Amino acid sequence: MASGMTGALPHSRSTISIASTISVVASEFDEDYVRHIIVGLDNSTTSQAALAWAAKELYRPGDKFHLVHVIPEPPTLHPWPGVYVPPDDAMERQEFREATAMVRAAFAPIVSRHKIPTDVHLIVAADSPDSIAG
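This structure is a prediction, so every number in the text was calculated from the model and none was measured. (Residues numbered from 1 in each chain as written. Predicted model: local features only at pLDDT ≥ 70, side-chain atom pairs only at ≥ 80, totals over all residues. Heavy atoms only, no water.)

## Points about the nonpolar core
Nonpolar side chains tend to gather and get buried jointly when the protein is soluble and globular.
No. 1: If you look at the biggest cluster of nonpolar residues, it comprises 22 residues, and the most contacted ones within it are Val39, Leu51, Phe65, Leu67, Val103, Phe107 and Leu122.
No. 2: Contributing elements (two or more residues each) for this core: strand S3 (36-41), helix H1 (45-58), strand S4 (64-72), helix H2 (89-113) and strand S5 (118-125).
No. 3: Broken down by element, the residue count for this core peaks at eight residues, all from H2. (Core = buried A, V, L, I, M, F, W, Y, C linked by side-chain atoms within 4.5 Å. Buried < 20%, exposed > 50% of the residue type's maximum accessible area, 1.4 Å probe, protein only. Helix = DSSP H or I, 4+ residues; strand = E, 2+ residues; numbered from the N terminus.)

Structure (structure tokens):
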């Protein structure tokens, strides 16, 4: 997605846990290589400060930022043994809309100001380490 984070935001499903973290990934050294800078975000001023720092101090022309926000996995219902009721799709879509709005409001101005090519990744993850390990 281009700078400004317009249009639909891609998302993927994975089981990871993330805090405000910055990681730089480059597969090979070459004058034309693209650094992929991964910034973990939540709805905090610390995340905003981390992204602002990365935009000012770390970004180089040609780099691409990947903003990652984790949405807790919706609860599942097991009313009795052997019966599984899937999460409410409407509720999950609402959580994605709210997360998208939060990312746009809190973080899009930072990357737009610096004209940084950016992808946003909304990831649904288990909310407890026990469910990840299982």
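## A short note on the pairing of S3
No. 1: Note: S3 against S4, six bridges, orientation parallel. When the bridges of S4 are listed, Gly40 appears paired with Val68.
No. 2: A crossover connection joins S3 to the parallel S4 through H1; in handedness this β-α-β unit is right-handed. (Pairing = 2+ DSSP bridges. Right-handed = clockwise from strand over helix to strand, strands pointing away.)

## Brief notes about the pattern of salt bridges
No. 1: Using the criterion set out here, one finds two salt bridges in the structure.
No. 2: Close ionic contact of Lys64 with Asp119 constitutes a salt bridge, the shortest N to O distance being 3.0 Å. With a gap of 55 residues between them, Lys64 in strand S4 and Asp119 in strand S5 connect regions that are remote in the sequence.
No. 3: Residue classification places Lys64 among the partly exposed residues on the basis of a relative accessible area of 23%.
No. 4: Overall, the relative accessible area of 12% leaves Asp119 in the buried class. (Salt bridge = Lys/Arg side-chain N within 4 Å of Asp/Glu carboxyl O.)

## Quick word on the packing of aromatic side chains
No. 1: For the structure shown, the criterion picks out one aromatic pair.
No. 2: Judged by centre distance (6.0 Å) and plane angle (80 degrees), the rings of Tyr59 and Phe65 are edge-to-face. (Phe/Tyr/Trp six-rings, centres within 6.5 Å; stacked < 30°, edge-to-face > 60°.)

## Section: the side chain of His69
No. 1: You can see His69 is positioned in strand S4.
No. 2: Look past the residues within four positions of His69 in its chain and what remains in contact with it is Leu41, Asp42, Ala99, Met102, Val103, His121, Leu122 and Ile123. (Contact = heavy atoms within 4.5 Å.)

## Quick notes on H2
No. 1: With 25 residues, H2 should cover 36 Å at 1.5 Å per step; its first-to-last C-alpha distance of 35 Å lies within 8% of that length.
No. 2: Of all the bends in H2, the greatest, near 50 degrees, is centred on Phe107, and the proline Pro109 appears no more than four residues after it.
No. 3: Among all positions of H2, only Glu92, Phe96, Ala99, Thr100, Met102, Val103, Ala106, Phe107, Ala108, Ile110 and Val111 are buried.
No. 4: A positive backbone phi angle near 55 degrees is found at Lys115, which sits one or two residues after H2. (Expected span 1.5 Å × (residues − 1). Bend = angle between axes of the 7 residues up to and from the residue.)

## Quick notes on the pairing of S5
No. 1: Burial of S5 is extensive: seven of the eight residues sit out of reach of the surface.
No. 2: Pairing of S4 with S5, which is carried by eight bridges, proceeds in the parallel orientation. Bridge assignment links Ile71 to a residue of S5, and that residue is Val124.

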